[in-house]
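Remarks on the overall topology
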Amino acid sequence: MNQQEIMTTVDEYVLHTYNRFPISIDRGMGTHVWDSEGKEYLDFMAGIAVYALGYHYPEYDEALKAQIDKVLHTSNLYYHEPLALAAKAVVESTGLSKVFFTNSGAEAIEGAIKSARKYAWMKDGKNNHEIIAMKSSFHGRSVGALSVTGNAHYQDPFKPLMGGVVFAEFNNLQSVLDLVNDTTCAILLETVQGEGGIYPADPEFLQGIRRICDEKDILLILDEIQCGMGRTGTMWAYEQYGIKPDIVTCAKALGCGVPVGAFVLNEKAAAKGLMPGDHGTTYGGNPFVCTAVAEVFSLYEKIGLISHVKEISEYLASSLDAFAEKHACVTAHRGLGLIRGLEFAKEVPVGEVTKRALEKGLLIISAGSNVLRFVPPLIITKEDVDEAMAILEECI
Ligand SMILES: *Cc1c(COP(=O)(O)O)cnc(C)c1O
């Protein structure tokens, strides 16, 4: 099929829940992709913060090809080596205790919610437990994950949603304190709000929540589906706050392209939470995706990816600062490491900027209505940053 035929066929047969950019991606290499007509693009969205290692990392591809020749799927009724390797790598990196692998980020959130409810239920046997989530958050599209997503636009058509959820203001500790009561079983937030416009948690806010959770035996759930896996310059963003969550959720870059997520629990949340029979998944953590996860962790270590992120993100940050300084229509620059946002004045159509960037050979996306989001592959170079900034310059 040529590019036009592909787009026409997709539009004819695929449910229209996405307004897609008008290109069909054919292949990728490193930080670049090519469409079906052979046009090249620099990728600064990485499949929405997924392709941390870029496209076609040779060892990653080889590990997956070798696993295809062995076994793709076993169900969770049997042991397999990729699960052992992936689980050890994930758990050790988080400093927590046990992991459950899922097929997506939303499912990781579902598992975290169930774990928190079960933990509280085992303490007092009641069925009235509340979760405190944040306004302007994003946790996924399944009904449970949507119920903790503080965005009326996403929620309203699907009500009634799961009950027992209340919403506080992100980075406003008092607004959280006001909602805490004896039924609170968990406080759930993104360490860096992604879809909501790239807002990192303030240290006092996150540390304050950790203190509340310790005092009241409430579980702190951090959603690092977008900001985790080295994107902020540490493997997990919470490392920069000197705290640990009781449960962390992860997906996106966890498998660098294969569909895999996880929720990881500390000892107490694991011990008093989900037991045999409480939770399950047919595909979750199968040999194929676990091979990817294990290889991703091993490659991060081998190529020193996190120190590269620390270095290159400083360069990106100063380039964005300069850009914001130069253009009056840019009202703010926020972020940590390689998850950054440029906020534009209300009257600037950011969607138009991303469309023009596409025409000029740059893949980039928005977050919320007026923020241009930078979540490039973690392997980007200074030349990539310079190229992206030069293209954006022409788009303003
Ligand atoms: C993308 C995202 C999710 C949902 O992940 P899916 O794999 O799309 O279900 C949840 N939380 C955050 C912070 C995300 O960025």
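Residues numbered from 1 in each chain as written. Predicted model: local features only at pLDDT ≥ 70, side-chain atom pairs only at ≥ 80, totals over all residues. Heavy atoms only, no water.

Examining the overall build of the protein
In terms of helices and strands, the protein carries 14 helices and 17 strands. Since a compact globule built from 396 residues should have a radius of gyration of about 21 Å, the 21 Å found for the protein is in line with a globular shape. Reported as C-alpha extents along the three principal axes, the dimensions of the protein are approximately 60 × 55 × 45 Å. Each of the 396 residues in the protein was classed as buried or not, and the buried ones make up 54%. For the protein, the proportion of contacts with a sequence separation of at least 24, taken over those separated by at least 6, is 72%. Taking the 34 positively charged and 51 negatively charged side chains of the protein as two groups, their mean positions are separated by 5 Å. (Helix = DSSP H or I, 4+ residues; strand = E, 2+ residues; numbered from the N terminus. Rg over C-alpha atoms; globule rule 2.2 N^0.38 Å. Buried < 20%, exposed > 50% of the residue type's maximum accessible area, 1.4 Å probe, protein only. Contact = heavy atoms within 4.5 Å. Lys, Arg positive; Asp, Glu negative; His and termini not counted. Charge placed at Lys NZ, Arg CZ, Asp CG, Glu CD.)

Description of the sheet that holds strand β7 (residues 184-190)
Here seven strands make up an open sheet; going across it, the order is β4-β12-β11-β10-β7-β5-β6 and the pairing mixed. A single partner strand is all that each edge strand has here, and the edge strands are β4 (98-102) and β6 (165-168). Direction aside, neighbouring strands of the sheet carry axes that sit 20° apart on average. (Pairing = 2+ DSSP bridges. Axes fitted to C-alpha atoms, helices over the stretch in contact; angles between N-to-C directions.)

Here's the deal with empty space enclosed by the protein
A full pass over the atoms with the stated rule returns one cavity of 30 Å³ or more. Estimated volume of the largest cavity: approximately 40 Å³. What lines the largest cavity is A49, A52, E224, I225, Q226, G228, M229, R231, A251, A253 and L378. Of the residues contributing to the lining of the largest cavity, the split by class is seven nonpolar, two polar and two charged. Residue contributions to the lining of the largest cavity reach at least three from each of two domains, namely domain 1 (3-57 + 304-395) and domain 2 (71-302). (1 Å grid on protein atoms, 1.4 Å probe; cavity = no way out; pocket = protein on both sides within 12 Å on 5 of 7 lines; lining within 4 Å. Points joined across faces, edges and corners; volume = space filled by probe spheres on them. Nonpolar A, V, L, I, M, F, W, Y, C, P; charged D, E, K, R; others polar. Domains from an automatic or database assignment.)

Observations regarding a nonpolar patch on the surface
Where nonpolar side chains cluster on the molecular surface, the patch consists of W121, M122 and M275 and spans about 280 Å² of accessible area. Within the secondary structure layout, W121 lies in helix α5 (residues 105-124). (Patch = residues over 30% accessible without salt bridge, like charges linked within 9 Å, V, L, I, M, F, W, Y side chains within 5 Å. Areas by Shrake-Rupley, 256 points an atom, 1.4 Å probe, with all protein chains shown as cover. Salt bridge = Lys/Arg side-chain N within 4 Å of Asp/Glu carboxyl O.)

A word on the packing of helix α4 (residues 81-94) against helix α11 (residues 287-303)
The angle between the axes and the distance between the axes are what describe a pair of packed helices. α11 packs onto α4 with a crossing angle of 45° between their chain directions and a minimal axis gap of 8 Å. By the angle between their directions, the pair α4 and α11 is classed as oblique. Crossing of α4 against α11: the hand is left-handed. Contacts between α4 and α11 involve P82, L83, L85, A86, A89, V90 and S93 from the former and P287, C290, T291, V293, A294 and F297 from the latter. Taken together, the residues of the contact of α4 with α11 sort by class into 11 nonpolar, two polar and no charged. (Parallel < 35°, antiparallel > 145°, perpendicular 65-115°, else oblique. Left-handed = near helix turned anticlockwise from the far one by under 90°.)

Brief notes about the site of the ligand
The environment of the ligand is made up of S104, G105, A106, F138, H139, G140, E190, D223, I225, Q226 and K252. Within the backbone of F138, one N or O atom sits 3.3 Å away from a nitrogen atom of the ligand. One nitrogen or oxygen atom from the side chain of Q226 is found 2.8 Å from an oxygen atom belonging to the ligand. The protein chains hide 81% of the 380 Å² of surface that the ligand would expose on its own. Tallied by class, residues from the shell around the ligand come to three nonpolar, five polar and three charged. (Near = heavy atom within 4 Å. Polar contact = N/O pair within 3.5 Å; in protein donor to acceptor, adjacent residues only side chain to side chain.)

A short note on the sheet that holds strand β15 (residues 362-363)
Taking strand neighbours across the sheet as the criterion, the four strands line up as β1-β2-β3-β15 in an open arrangement whose pairing is mixed. A single partner strand is all that each edge strand has here, and the edge strands are β1 (25-29) and β15.

Focus: the side chain of Q67
If you trace the backbone, Q67 turns up in helix α3 (residues 58-68). Look at Q67 and you get buried, because its relative accessible area is 7%. Beyond its immediate sequence surroundings of up to four residues, Q67 is in contact with P82, P287, F288 and T291.

Concerning the pattern of salt bridges
The full count for this structure, using the stated rule, is 13 salt bridges. A salt bridge links K268 to D217; the shortest N-O distance between them is 2.8 Å. Within this pair, whereas K268 is found in helix α10 (residues 267-271), its partner D217 is found in the loop between α9 (203-216) and β10 (219-223), the two being separated by 51 residues in sequence. Given the relative accessible area of 29%, K268 is considered partly exposed. According to the relative accessible area criterion, D217 is partly exposed, its value standing at 23%.

Focus on the pairing of β1
Here β1 runs beside strand β2 (residues 32-35); their pairing, made up of four bridges, is antiparallel. Bridge assignment links R27 to a residue of β2, and that residue is W34.

Examining the domain arrangement of the protein
How large an interface is tends to be reported as the accessible area lost when its parts come together. The domain boundaries assigned to the protein delineate domain 1 (3-57 + 304-395) and domain 2 (71-302). Each side of the interface is counted separately: domain 1 has 28 residues, and domain 2 has 27 residues. In terms of surface lost to domain 2, no three residues of domain 1 exceed I306, L336 and I339, which account for 26% of the buried area on that side. Counting across the domain 1 and domain 2 interface gives one salt bridge. Across the salt bridge formed by R373 and E195, the nearest N and O atoms sit 2.9 Å from each other. Across the domain 1-domain 2 interface, the total number found is 11 residue pairs in polar contact (both at pLDDT 80 or more). At the level of secondary structure, the elements contributing two or more residues to the side of domain 1 that touches domain 2 comprise α2 (46-49), α12 (305-326), β13 (330-336), β14 (339-344) and β17 (371-374). For the side of domain 1 that touches domain 2, the per-class residue count stands at 18 nonpolar, five polar and five charged. (Buried area = accessible area lost by both parts, 1.4 Å probe.)

Details of unusual backbone geometry
Omega for the peptide link from K159 to P160 comes to 5°, which places this bond in the cis form. Examined against the element boundaries, P160 turns out to sit in the loop between α7 (152-155) and β6.

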